[in-house]
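These are the residues of each chain, in order.
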Amino acid sequence: MTSHAQSLPASMLSAGPTVLREVGALGLLTWPALDASGAQAAVTARSGGVSSGPYASLNLSLSVGDDPANVLENRRRLAAGFGARLADFVFAGQVHGAGVRVVSEADRGSGAFSLEDTIPATDALVTSAPGVVLAILTADCVPIVLHDPVVGVLACVHAGWRGTVARVSAAAVAAMQTLGSRPADVIAGIGPAIAPARYQVGPDVHQAVTQAFSPAPFIQPDSVPDRWRLDLWAANRFVLTEAGVPDPQIHVTDTPTGPTEPPGPSFFSDRAARPCGRLALIARLRTGGNQ
């Protein structure tokens, strides 16, 4: 984190294995374990932007109906708070699948200023280039960052229920291996997503999950007939351990998207309000860090 980052008061500081920091007007959720491993990674809270209405205030998506000029200003503010340029960012064109793209310095700026040059049909980005800032967007789906500090390889993953069933995070681990990474060396951070208590799903999702995973303890019957509650955090933790990432190296936040009790930092939730903005998971390798 940049030198002007200020921690929030102690009552708002810790969310399990994550810490919420103020960087100017921005709220950034970070993982101390990833800070220590040599990756700079954060998930954006809603504060600190210029968007209004349902997009207030730090909407980072160009595809949800917000004023593009506001989105670009929000992205510039985020880049400045991250100590980067917006031209360093690479955005994924997410399709709720298991597509992975390895990106390099030549891809910097892709999707940063318009949708036309976003990396297409991709739900996970992987890089070994320290100058690249990886970016994925969510609003209930699971944002996941993966870092191998031994060889210096980084990934950002978007996993909704479809991506989880398709094991997109395992696909990202496999792509990291093509760059010399070993799953046993990977440090994982799992960010704000819809809480299991709020994520009611129907028979189609139940069938897909139980066919993909056996057993599937992360989907449980709801009190409503033919409805289930799905724990996307636990499901993606399972996928990562199945892919060879040691469980103690997987750090899952306690902070959900949507309303919180008591009221605290807010993260966009598509189920709580439509239309709504999108948060971003952004990450890069630190130059001269522990890589």
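Keep in mind that this is a model prediction, so the values were computed, not measured. (Residues numbered from 1 in each chain as written. Predicted model: local features only at pLDDT ≥ 70, side-chain atom pairs only at ≥ 80, totals over all residues. Heavy atoms only, no water.)

Here we look at helix α6 (residues 232-242)
Moving on, step 1. Of the residues making up α6, those classed as buried are Leu-232, Trp-233, Ala-235, Asn-236, Val-239 and Leu-240. Each buried residue of α6 lies within a common arc of 165 degrees when the element is viewed along its axis, so the set occupies one face.
Moving on, step 2. The positive-phi residue at the C-terminal boundary of α6 is Gly-244, with phi of around 105 degrees. (Buried < 20%, exposed > 50% of the residue type's maximum accessible area, 1.4 Å probe, protein only. Helix = DSSP H or I, 4+ residues; strand = E, 2+ residues; numbered from the N terminus. Arc of directions from axis to C-beta.)

Observations concerning the nonpolar core
Moving on, step 1. Counting residues in each nonpolar core, the largest one holds 40 residues, and the members touching the most others are Val-142, Ile-144, Leu-146, Ile-190, Val-209, Leu-230 and Leu-240.
Moving on, step 2. Sort the elements by how many residues they give to this core and helix α4 (residues 168-177) lands first, with six residues.
Moving on, step 3. Beyond its immediate sequence surroundings of up to four residues, Leu-230 is in contact with Trp-161, Pro-196, Tyr-199, Val-201, Val-205, Val-209, Phe-218 and Ile-219.
Moving on, step 4. Membership of the second largest hydrophobic core comes to 26 residues, among which are Ala-45, Val-145, Leu-154 and Leu-279. (Core = buried A, V, L, I, M, F, W, Y, C linked by side-chain atoms within 4.5 Å. Contact = heavy atoms within 4.5 Å.)

A short note on the confidence of the model for the chain
Moving on, step 1. Averaged over all residues, the pLDDT of the chain is 93; the fraction at 70 or higher stands at 92%.
Moving on, step 2. The spread of mean pLDDT over the elements of the chain runs between strand β1 (residues 6-7), the lowest at 32, and strand β8 (residues 124-127), the highest at 99.
Moving on, step 3. Note that pLDDT drops below 50 for residues 1-14; the model gives that stretch 27 contacts with residues more than four away or on any other chain. (pLDDT = per-residue confidence, 0-100.)

What about α4?
Moving on, step 1. Burial runs high along α4: seven of the ten residues are buried.
Moving on, step 2. As for α4, its buried residues are in contact with β7 (100-103), β8, β10 (142-148), β11 (153-159), α3 (161-165) and α6.

Some thoughts on the environment of Gly-202
Moving on, step 1. Assignment of secondary structure puts Gly-202 in the loop between β13 (200-201) and α5 (203-212).
Moving on, step 2. Distance in space between the C-alpha atoms of Gly-202 and Glu-116 is 34 Å, their sequence separation being 86 residues.
Moving on, step 3. Leave out the neighbours within four places in its chain, and Gly-202 touches Asp-226, Arg-227 and Trp-228.

A closer look at unusual backbone geometry
Moving on, step 1. Look at the link from Ala-56 to Ser-57: it is a cis peptide, with omega at -10 degrees.
Moving on, step 2. Here Ser-57 shows up in the loop between β5 (39-44) and α2 (68-81).
Moving on, step 3. Residue Pro-215 is bonded to the preceding Ser-214 through a cis peptide linkage, with omega at 0 degrees.
Moving on, step 4. Of note, Pro-215 is situated in the loop between α5 and β14 (219-221).
Moving on, step 5. With phi around 60 degrees, Arg-167 is a residue other than glycine that occupies positive phi space.
Moving on, step 6. By the secondary structure assignment, Arg-167 is in the loop between α3 and α4.
Moving on, step 7. Positive phi outside glycine occurs at Asp-226, with the angle close to 60 degrees.
Moving on, step 8. Within the element layout of this structure, Asp-226 appears in the loop between β14 and β15 (228-230).
Moving on, step 9. The class of Asp-226 is exposed, set by a relative accessible area of 52%.

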